[in-house]
Amino acid sequence: MSEGITLQTKLSYGLGALGKDFACAPVYIFLMFYFTDVAGLSAAFVGTVFLAARIIDAITDPVMGMIVDNTRSKYGKFRPWIVIGTLLNAVVFIGLFSTHLFEGTTLYIYAAAAYILWGLTYTIMDIPYWSMIPALSASRREREKLVVWPRLFASLAWFITGAYGLHIVGKLGKGDQGDGFLNVALLIAVMFIMSAFLIARNVKETIKAEPDESAEKFNFKDVFNIIGKNDQLKALIGSVLFFQIANLLVGGFAIYYFSYAIGNAELFPVYMMVAGAAEVAGVFLFPRIASFFPRKHLWFMACGFPVLSCLLLFAMGIISPANVLLIGLAGAAIKFGVGIANALQTVMLADVVDYGESKTGRRSESVIFSVQTMLVKFAGAAGGFIVGIGLSVVGYQPGVEQAPATIVGLEFMMIGLPTILMLASSVIYRRYYRLHDGFIHARESNAC
């Protein structure tokens, strides 16, 4: 059996990421702003809801991974759930950006319920989507080439959302941001559903670890054993979690930073435009970078660029406030590192699947890849929680000029805290992760 992946499969899989990340990026970039400045919710309440929803995901995401790994159908175990999850999440996505239509106590109850439901339904689709990678080829090199496609299209979705999102909202809402967000949600939902059916038609698994219908199925206890006994998965969790919290903290906070700390909201789309282009470049260049540098150095590189970004913003505040060139360089630096990290972490998870199979004798792509979905959502929620609580602590007031102490607090949350988190990520990676050359090499080195 050829381990090569066809161009049709790569393109269809990539376009699937374009659709699903168009349905994800607005939540992570604009939902806090939408909830506070459009729907009128308090920042502290929104941050708390974000974090509470992720506590629920800590249980439901691995359970969904177990359900996918137990699925037996003529369409495989991944594609049915991608379609089902997309249809459900598209409806909830529209409902989420209908929050501004409510008021009073109903507004708060509806917002919390809609966001929690969004997380649950996104899980149904996202876990089987990423879990497919180890089942599409056994070749590590093919996986590295494949992962560029979804990450490239996903980065494109984030680039368009960040750079042009508010402009599109304004156009479709004709000046009414509430209507604009709702109309954008309707448009995205249609694209999202189309991308899911494209995957269902053209992306088919080639590696089936348990083809026998009578094979033993995973149970809830197995989920905890799979995660608990895989030391490399736990090392990866720690590294990725700190990295993504820092990344999504910056993404969710940038609009407040430029609007109030810098005092020029027009710089936000400039920052996001350059950042989005740099993320696409980071993903696109990942295979070449991975072939040129030793794998063990790539995560430090991914963490180093965001730290450089924070240093540039700090220097800008001292030397030349609101300097467009430095803002562009800062955006490029952080997202180039994010592009490398996003591609690398997906390949690393595929290695962890192989490693886990060697440890337990059972292949569990969906349970292990459920951790990726959980990490991204938890990182986004943690970032949102920090932003929400942080805004309240520093005395932020929507739509007015902020006090000097508030501006200092805004600058710390945009520059200081992400730097600390990125450094923590690199320390965890250096100390605990060892699958730089695949699980076979790691096992041999342990035996020596």
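> Sorry, what's going on with the overall build of the protein here?
Secondary structure assignment for the protein yields 16 helices and zero strands. Out of the 448 residues belonging to the protein, those deemed buried represent 59%. Considering only residue pairs separated by 6 or more positions, the protein has 84% of its internal contacts joining residues 24 or more positions apart. Carbon and sulfur atoms make up 67% of the accessible area of the protein, which totals about 17700 Å².

> I'm lost on the pattern of salt bridges in this one. Help?
Close approach of charged atoms lets side chains of opposite charge pair. For the structure on display, the rule yields four salt bridges. Across the pair Asp 126 and Lys 20 runs a salt bridge whose closest N-O atoms are separated by 2.7 Å. In this pair, Asp 126 is assigned in helix α5 (residues 104–131) and Lys 20 in helix α1 (residues 7–22), connecting sequence segments 106 residues apart. Taken as a pair, Asp 126 and Lys 20 share a single burial class, namely buried. A salt bridge links Arg 434 to Asp 231; the nearest nitrogen and oxygen atoms lie 2.9 Å apart. Taken together, the residues Arg 434 in the loop between α15 (404–432) and α16 (439–447) and Asp 231 in helix α10 (residues 231–261) connect sequence positions 203 residues apart. By relative accessible area, which is 28% here, Arg 434 ends up partly exposed.

> So what exactly am I meant to see when it comes to empty space enclosed by the protein here?
Which parts of space are left empty comes out when a probe the size of a water molecule is rolled across the atoms. For the coordinates displayed, the defined rule picks out seven cavities of 30 Å³ or more. The computed volume of the largest cavity comes to approximately 310 Å³. Asp 21, Arg 151, Trp 158, Asn 342 and Val 376 are the residues nearest the centre of the largest cavity, which is lined by 23 residues in total. Elements with a contribution of two residues or more to the lining of the largest cavity: α1, α5, α7 (140–173), α10, α13 (324–360) and α14 (365–393). Here the residues of the lining of the largest cavity sort into nine nonpolar, seven polar and seven charged. As for the second largest cavity, its lining consists of 14 residues, of which Val 27, Tyr 28, Phe 50, Gly 380 and Gly 384 are closest to the centre.

> Would you mind going over helix α8 (residues 177–202) with me for this structure?
In an α-helix, one turn spans 3.6 residues; hence positions three or four apart end up facing the same way. When the terminal C-alpha atoms of α8 are compared, their 37 Å separation across 26 residues agrees well with the 38 Å that a helix rising 1.5 Å per residue should span. The backbone nitrogen of Gly 178 lies 2.9 Å from a side-chain oxygen of the residue at the head of α8, namely Asp 176.

> What should I look at first to understand helix α3 (residues 43–69) in this one?
Taking 1.5 Å per residue, 27 residues should reach 39 Å; α3 reaches 38 Å between its end C-alpha atoms and fits that length. The largest bend in α3 comes to about 35°, at Asp 57.

> What is the right way to read the packing of helix α2 (residues 25–38) against α5 from this model?
Between two packed helices, both the angle of their axes relative to each other and the distance between the axes serve to describe the pair. Between α2 and α5, the shortest axis-to-axis distance is 13 Å and the interhelical angle comes to 175°. The orientation of α2 with respect to α5, classified from their angle, is roughly antiparallel. Between α2 and α5, the contacting residues are Val 27, Tyr 28, Leu 31 and Phe 35 on the first element and Ala 111, Tyr 115 and Trp 118 on the second. By residue class, the composition of the contact of α2 with α5 is seven nonpolar, no polar and no charged.

> Would you mind showing me how to read the nonpolar core here?
The tendency in soluble globular proteins is for nonpolar side chains to be buried side by side. By size, the foremost hydrophobic cluster in this structure holds 139 residues, and its most contacted members are Tyr 115, Tyr 256 and Tyr 271. Here this core takes 19 residues from α10, the largest share from any one element. Ignoring any residue separated from it by four or fewer positions in sequence, one finds Tyr 115 in contact with Val 27, Leu 31, Val 49, Phe 50, Ala 53, Arg 54, Leu 96 and Ala 381.

> Can you help me understand the side chain of Glu 142 in this one?
Following the sequence through the fold, Glu 142 ends up in helix α7. Within polar-contact distance, the side chain of Glu 142 engages the backbone nitrogen of Ile 5 at 3.1 Å.

> Help me understand unusual backbone geometry, please; the structure alone is not making it clear to me.
Negative phi is the rule for most residues except glycine; trans is the rule for most peptide bonds. Phi at Lys 174 is positive, roughly 50°, even though this residue is not glycine. With respect to the helices and strands, Lys 174 occurs in the loop between α7 and α8.

> What exactly am I supposed to notice about the packing of α1 against α8 here?
Following both chains from N to C, one finds α1 and α8 inclined at 155°, their axes separated by 8 Å at the closest point. One finds that α1 runs roughly antiparallel with respect to α8. In this structure, α1 meets α8 at a crossing whose hand is left-handed. Listed contacts from α8 to Gln 8, Thr 9, Ser 12, Leu 15, Gly 16, Gly 19, Lys 20 and Phe 22 of α1 are Ile 188, Met 191, Phe 192, Ser 195, Leu 198, Ile 199, Arg 201 and Asn 202. The residue makeup of the contact of α1 with α8, split by class, is seven nonpolar, seven polar and two charged.

Rules behind the numbers
Residue numbers run consecutively from 1 along every chain, following the written order of its sequence. Predicted model: local features are reported for residues with pLDDT of at least 70 only, side-chain atom pairs are reported and counted for 80 or more only, and whole-chain, interface and lining totals are derived from all residues. Excluded from the side-chain calculations are hydrogens and water; all other atoms, namely the structure's heavy atoms, are used. Numbered from the N terminus, helices here are DSSP runs of H or I no shorter than four residues, and strands are runs of E no shorter than two. The rule is simple: take the accessible area with a 1.4 Å probe, protein chains only, and divide by the maximum for that residue type; under 20% is buried, over 50% is exposed, in between is partly exposed. Any two residues whose heavy atoms approach within 4.5 Å are treated as being in contact. For the accessible areas, the method is Shrake-Rupley and the probe is 1.4 Å, while residue cover comes only from the protein chains on display. The term salt bridge refers to a pairing of a side-chain nitrogen on Lys or Arg with a carboxyl oxygen on Asp or Glu at a separation within 4 Å. Grid points spaced at 1 Å over the protein atoms alone were grouped into cavities, where a 1.4 Å probe fits but cannot get out, and pockets, open sets with protein on both sides within 12 Å along at least five of seven lines, with lining residues defined by an atom within 4 Å of a point. Grid points are joined across faces, edges and corners, and a volume is the space filled by probe spheres set on the points. Here the term charged refers only to Asp, Glu, Lys and Arg, the term nonpolar to Ala, Val, Leu, Ile, Met, Phe, Trp, Tyr, Cys and Pro, and the term polar to all other amino acids, Gly among them. A helix's residues, less one, multiplied by 1.5 Å, set its expected span. For the purposes of these results, a polar contact is taken to be a pair of N or O atoms within 3.5 Å, where, inside protein, one atom must be able to donate a hydrogen and its partner to accept one; residues adjacent in sequence count only when each atom of the pair is a side-chain atom. We define the bend at each residue as the angle formed by axes fitted to the 7 residues ending at it and the 7 residues starting at it. Angles run from 0 to 180 degrees between N-to-C directions of axes, and those axes are lines fitted to C-alpha atoms, restricted for helices to the stretch in contact. In what follows, roughly perpendicular refers to angles from 65 to 115 degrees, roughly parallel to angles under 35, roughly antiparallel to angles over 145, and oblique to any angle outside these ranges. In this text, buried Ala, Val, Leu, Ile, Met, Phe, Trp, Tyr and Cys residues form a nonpolar core when linked through side-chain atoms within 4.5 Å. What makes a crossing left-handed is the near helix being turned counterclockwise from the far one by less than a right angle; a clockwise turn instead makes it right-handed.

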